[in-house]
Amino acid sequence: MRWTLLACLFCFAAGVWAGDVGQIKAAAGAVFLERQGERLPATVGMPVQESDTLVTGADGSAGVTFSDNSVLSVGPGSVLAIERYAFDSTTHNGHFDASLKKGTLAVVSGKMVKQSPDAMRVRTPSSIMGVRGTEFVVKVTEPGS
Amino acid sequence: MLVLVLGALVILGAIYAQPAPLEEPVVVLPSPDRHIVVQRPPDETVVVLPSADGHTGTVIVQRGGERHVLNKPFAASRLTGGKAEITQLSDAEVRQSFGVTLQALPAMPTTFLLYFITATDELTDESKGELKKILAALKQRAVPDIMVVGHTDTVGEPERNDLLSARRAERVKGFLIEIGIPAGQIQTAGRGERELLVPTADNVDEPRNRRVEISVR
């Protein structure tokens with residue numbers, strides 16, 4: 001109830017679009033968000049939406065905070081797809097599927113993982129990771145690189 | 001003998017004279033095992049880290065039929081050249097491979113509490129000191145999203161407490177604006193006596209309930 005009320009106030013006051021699930025909090029070097037076939041330069045403060053793909057250049061890195069208080073960052077030469085994201089601020093139920101195609105990723109899980117341990121999954125080309133309330137890093141090195 | 005050698009030369013000549021089939025151009029590979037490298041899946045490393053409070057959670061890595069459970073600080077699951085193993089890395093090794101990435105990790109969302117003098121929107125002396133620390137911490141954050149929620153104890157009429165809690169929240173919002181946080185990034189709400197930190201009966205003077213919660217993301 002409390003968070004529904006707050007969420008409504010928040011959305012109203014900040015004009016946050018319903019599709020926003022997170023926000024870019026750090027961006028250095030070349031950082032892009034791929035959204036519906038478009039490649040947008042990512043800047044600090046920019047909202048992140050479900051189905052966005054975060055892409056960094058050889059000198060790039062970026063950090064994102066999500067609505068369930070999970071945070072993540074990617075290092076240089078990374079491609080991270082936010083495949084599915086939903087979070088209910090009242091029940092803390094939700095799901096978060098991300099896929100690291102290449103590069104490096106750091107994750108600190110948030111409220112939805114506290115609520116239900118299977119809520120967050122991170123994929124790489126060969127693996128699926130389940131997350132039980134923790135901080136972890138992942139690296140995918142392409143062949144020949 | 002000579003006939004045999006001549007015969008062999010004629011046959012070889014005939015073979016060389018054949019034009020190379022067009023659909024299979026001859027390509028010289030730069031490395032003999034190039035083909036194998038291309039077939040290989042990408043190498044992967046997954047490492048579980050201790051969090052700021054020292055606690056280490058669990059990451060379960062599922063790779064085909066194989067399952068690696070990582071629940072100790074710096075325990076790692078590695079895939080190298082198609083071969084998987086569980087191993088143990090050091091803090092230094094993680095820093096070397098993930099330093100730039102970890103540096104880009106945003107500050108963790110957190111909550112601060114400030115307390116007030118009875119029936120006013122004046123901070124207690126202790127909270128005045130605390131406010132300085134909170135403002136310094138907030139200044140470190142890029143584009144902070146802030147929610148300020150005011151509360152009261154159960155002394156007095158609920159309607160008056162609604163107004164008082166809203167005033168407390170607005171007062172704190174003012175402090176945040178003073179240090180340069182844009183007003184548009186700060187939301188406020190007054191919850192009156194609906195959400196007691198310490199549950200009490202009605203009309204109980206409880207300092208811990210006279211508070212403002214600042215949630216920052």
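None of the values given here were measured: they were computed from a predicted structure. (Residues numbered from 1 in each chain as written. Chains lettered and ligands numbered in written order. Predicted model: local features only at pLDDT ≥ 70, side-chain atom pairs only at ≥ 80, totals over all residues.)

1. Details of the environment of Leu33 of chain A
Residue and element names in this part refer to chain A.
Next, step 1: Among the structural elements, Leu33 can be located in strand β2 (residues 31–35).
Next, step 2: Of the residues examined, Leu33 has 23 C-beta atoms within 10 Å and is grouped as buried.
Next, step 3: The residues contacting Leu33, other than those within four sequence positions of it, are Leu40, Ala42, Met46, Val48, Asp52 and Leu54. (Helix = DSSP H or I, 4+ residues; strand = E, 2+ residues; numbered from the N terminus. Buried ≥ 20, exposed ≤ 12 C-beta atoms within 10 Å, placed from the backbone. Contact = placed C-beta atoms within 7 Å.)

2. Considering the domain arrangement of chain B
Next, step 1: Domains assigned within chain B are domain 1 (34–103) and domain 2 (110–216).
Next, step 2: Each of domain 1 of chain B and domain 2 of chain B has a C-alpha centre, and the two are 42 Å apart. (Domains from an automatic or database assignment.)

3. Regarding unusual backbone geometry
Residue and element names in this part refer to chain A.
Next, step 1: For Asn69, which is not a glycine, the phi torsion comes out positive at approximately 75 degrees.
Next, step 2: Secondary-structure assignment places Asn69 in the loop between β6 (61–66) and β7 (71–74).
Next, step 3: Positive phi values are uncommon outside glycine, yet His92 reaches one of about 65 degrees.
Next, step 4: Take His92: it is sitting in the loop between β8 (79–87) and β9 (94–108).

4. Structural notes on the pairing of β8 of chain A
Residues and elements named next belong to chain A.
Next, step 1: Summarising the sheet, strand β5 (residues 53–56) and β8 pair through three bridges and their orientation is antiparallel. Bridge pairing in β8 links Leu54 to Leu80.
Next, step 2: For β8 and β9, the ladder comprises eight bridges, and the chain directions are antiparallel. Looking across to β9, one finds that Val79 is bridged to Lys102.
Next, step 3: Where β8 folds back onto β9 in an antiparallel hairpin, the turn is made up of six residues, including His92, whose phi is positive at roughly 65 degrees. (Pairing = 2+ DSSP bridges.)

5. Comments concerning the sheet that holds strand β6 (residues 110–115) of chain B
All names here are of chain B.
Next, step 1: Taken in spatial order, the four strands of this open sheet run β6-β9-β7-β8, and their pairing is mixed. At either margin of the open sheet sits one strand with a lone partner, and together these are β6 and β8 (186–190). Sheet twist, expressed as the mean angle between neighbouring strand axes with direction ignored, is 15 degrees.
Next, step 2: Pairing geometry for strand β7 (residues 146–150) and strand β9 (residues 211–216), over five bridges, is antiparallel. By the bridge assignment, Val149 is partnered in β9 with Glu213.
Next, step 3: Packed on one face of the sheet, helix α4 (residues 125–139) meets β6 and β9 and runs near 155 degrees to β6. (Axes fitted to C-alpha atoms, helices over the stretch in contact; angles between N-to-C directions.)

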